[in-house]
Each structure stands twice: as C-alpha cells, then as structure tokens.
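# Secondary and tertiary structure notes
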Amino acid sequence: VPKGKGVKLSAMPNVVANFKDVTWSDPDLNSLHNVVFGQGRKKEYKANLLKFNGVVYSEGKEEAEKDKIRLKMYKLKMEALKATMDLADIDRSADSFESKKAPGKEELCERFLEWLENPEAKDKKTPKKGKRKSAGSAGKGSAKKETPTKKAKKTTPAKKTPPAKKAVSAK
C-alpha cells in the first residue's frame, strides 16, 4: 500500500467500527476498495483499506489518475456512493457544503476525491447505529406476528404386536 499524506484508516475509530460491522463480501466495502485500489481479493479488502492513508499519484500523471478515480465514483449509483462514503466516515451532510442544500453526485464525488487524497477522521463521534445490515429491519420486531414455536407431532399409538402363534402339537 503506497504511503499517502493522510491518516491511516486504522487510526480512525469510526472507520474501524464501520469495518467491524461489515463482512468482507459487503458491496460497500467492495466499492470503496475498487475506488481506492481497483480490483483485488475480497478477503484482503479490509486489511488493505485499513493500511490506506491517501492516494499517491504517479509523476506527471496526476490529472489522468484523478479522472480515472472520478470515473469509478461516477459509475456507482447515488445510493451506493453515499453508503460507501458512510463506510469511510466521510462527511456528506448538506451543512458541510457551501450551498447548504443536499449535494448532488458531482459534489459528493469531489468531496470523496478530496478525502481520498488526504484522509482525515471526522471531529465528532457518530452515534452507534448497531449493525449496518439490520438497519432495514429496525423496529419491525414488535410488529412481527408471533408464530407458534413447534407444532406438536401427532403421536401414533405404538403398534401392537400380534400374539405369538402357539405351536400346534400333533396328537
């Protein structure tokens, strides 16, 4: 992993917490790894990303490489881009942008690129959300119908064995 000029992701508590909540096959983790490093082995995504501390551009190819990274970001759908930014704990709130309106895809991609060049932890701690995967099912537990645990099996009476035939004695 090339040495950048930012803080390692492993030194950012919110990012480490977010990474603990996802599996190595998570699509957001995959998206973040693809934007930062390109393709790779899924089981190495977390380890590689935790060592990451900023994009390092080749001499004279800075603009071409920035455009390549932007292109990877633009390929993501808006929802996936937001989820990927949240995983990396990048501030995307409307208040953090000049327009104070909900940012569009271009503004989010520029913010993401700035962060990639110099990753820094957010000042404030984000509240614990629990596991990311179960966010959609939050609150549904109480409304769920209660199902009977196990239906009792019908027990059939044990088959009676016919009485043994008595040997017929010949007279």
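Since the model is a prediction, treat every value here as computed from it, not as a measurement. (Residues numbered from 1 in each chain as written. Predicted model: local features only at pLDDT ≥ 70, side-chain atom pairs only at ≥ 80, totals over all residues. Heavy atoms only, no water.)

### Considerations on the overall build of the chain
- The number of helices and strands found in the chain is six helices and zero strands.
- Going from N to C terminus, the chain has its helices and strands arranged as α-α-α-α-α-α.
- Counting across all 171 residues of the chain, residues that qualify as buried make up 29%.
- Of all intrachain contacts in the chain linking residues separated by at least 6 positions in sequence, the fraction that spans at least 24 positions is 70%. (Helix = DSSP H or I, 4+ residues; strand = E, 2+ residues; numbered from the N terminus. Buried < 20%, exposed > 50% of the residue type's maximum accessible area, 1.4 Å probe, protein only. Contact = heavy atoms within 4.5 Å.)

### A look at the layout of surface pockets
- Counted as a void, the second largest pocket has a volume near 250 Å³.
- Taken together, 14 residues line the second largest pocket, and the ones lying closest to its centre are Val 36, Phe 37, Val 55, Val 56 and Ile 69.
- Secondary structure elements with two or more residues in the lining of the second largest pocket: α2 (27-36) and α4 (62-75).
- Of all the elements, α4 adds the most residues to the lining of the second largest pocket, at four residues.
- For the lining of the second largest pocket, a count of residues per class yields nine nonpolar, two polar and three charged. (1 Å grid on protein atoms, 1.4 Å probe; cavity = no way out; pocket = protein on both sides within 12 Å on 5 of 7 lines; lining within 4 Å. Points joined across faces, edges and corners; volume = space filled by probe spheres on them. Nonpolar A, V, L, I, M, F, W, Y, C, P; charged D, E, K, R; others polar.)

### Observations regarding the environment of Cys 109
- Along the chain, the position of Cys 109 falls in helix α6 (residues 105-117).
- In this structure the C-alpha to C-alpha distance between Cys 109 and Lys 72, which are 37 residues apart in sequence, comes to 9.7 Å.
- When residues no more than four places from it in sequence are discounted, the contact partners of Cys 109 are Met 73, Tyr 74 and Leu 81.

### Description of the confidence of the model for the chain
- With 71% of its residues at a pLDDT of at least 70, the chain reaches an overall mean of 78.
- Here residues 126-146 is a poorly scored stretch, pLDDT under 50, and it has 14 contacts once near neighbours within four places are set aside; other chains count. (pLDDT = per-residue confidence, 0-100.)

### Considering the pattern of salt bridges
- Per the stated rule, a full pass over the model turns up six salt bridges.
- The partner of Arg 41 in a salt bridge is Glu 44, and the shortest N-O contact between them spans 3.6 Å.
- We note a salt bridge from Lys 66 to Glu 62, for which the minimum N-O separation is 3.6 Å. Residue Lys 66 and its partner Glu 62 are both found in helix α4; the two are separated by four residues, about one turn of the helix. (Salt bridge = Lys/Arg side-chain N within 4 Å of Asp/Glu carboxyl O.)

### Some points on the packing of aromatic side chains
- On inspection of all chains with the given rule, the structure shows two aromatic pairs.
- Residues Phe 37 and Phe 52 carry aromatic rings whose centres are separated by 5.9 Å and whose planes lie at 85 degrees to one another, so their mutual orientation is edge-to-face. With Phe 37 in the loop between α2 and α3 (45-51) and Phe 52 in the loop between α3 and α4, this pair connects stretches of sequence that are 15 residues apart.
- With a relative accessible area of 28%, Phe 37 lands in the partly exposed category.
- Ring plane angle 40 degrees and centroid distance 6.5 Å describe the contact between Phe 52 and Trp 115, whose orientation is recorded as tilted. Here Trp 115 lies in helix α6 and Phe 52 lies in the loop between α3 and α4, a separation of 63 residues in the sequence. Taken individually, Phe 52 and Trp 115 each receive the classification buried, so the pair is uniform in this respect.
- We note Arg 111 situated over the ring of Phe 97; from NZ or CZ to the ring centre the distance is 4.0 Å. (Phe/Tyr/Trp six-rings, centres within 6.5 Å; stacked < 30°, edge-to-face > 60°. Lys NZ or Arg CZ within 6 Å of the ring centre and 35° of its normal.)

### What to know about the packing of α4 against α6
- Axis separation between α4 and α6 bottoms out at 10 Å; the angle between their running directions is 130 degrees. On the basis of their axis angle, the class for α4 and α6 is oblique. Considering the relative orientation of α4 and α6, their crossing is right-handed. Taking contact as the criterion, the partners of Lys 66, Ile 69, Arg 70, Met 73 and Tyr 74 in α4 are, on α6, Lys 105, Glu 106, Cys 109, Glu 110, Phe 112, Leu 113, Leu 116 and Glu 117. (Axes fitted to C-alpha atoms, helices over the stretch in contact; angles between N-to-C directions. Parallel < 35°, antiparallel > 145°, perpendicular 65-115°, else oblique. Left-handed = near helix turned anticlockwise from the far one by under 90°.)

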